[in-house]
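Here is what each chain is made of, one letter per residue.
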Amino acid sequence: RTRHPLHGAHPPRKALTRHAMASILIIDDEAAIRDNLAQLLRLEGHETHQAADGIAGLDAARRLRPDVVFC
């Protein structure tokens, strides 16, 4: 974490989360795993997408161009 230039202290966590938002693709054959991970990531402000298998995941990755892929 970098120091906030005006205050000399770390910026609040919300500011970091807002600026660090990523598009994330989750590929897993277990729906519960995909759903739970997606929910946690959305709580942190990230945009999530899901795919149930490798072929659908590759298609989604090409189409969506996510910042991060969990596979």
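Heads up: these notes are all about the structure in this document.

**Comments concerning the sheet that holds strand β1 (residues 23–27)**
- Strand order across the open sheet formed by 3 strands is β2-β1-β3, with parallel pairing between neighbours. With one partner strand each, in any of the chains shown, β2 (47–51) and β3 (68–70) form the two edges of the open sheet. When strand polarity is set aside, the average angle formed by the axes of neighbouring strands in this sheet is 20°.
- Where β1 lies against β2, 5 bridges are found, and the strand directions are parallel. Pairing of L25 across the sheet is with H49, part of β2.
- Of the strands in this sheet, β1, β2 and β3 touch helix α2 (residues 31–43), which is tilted by about 170° from β2.
- This element, helix α3 (residues 54–64), spans β1 and β2 of the sheet and lies at about 170° to β1.

Analysis parameters
Residues numbered from 1 in each chain as written. Predicted model: local features only at pLDDT ≥ 70, side-chain atom pairs only at ≥ 80, totals over all residues. Heavy atoms only, no water. Pairing = 2+ DSSP bridges. Helix = DSSP H or I, 4+ residues; strand = E, 2+ residues; numbered from the N terminus. Axes fitted to C-alpha atoms, helices over the stretch in contact; angles between N-to-C directions. Contact = heavy atoms within 4.5 Å.

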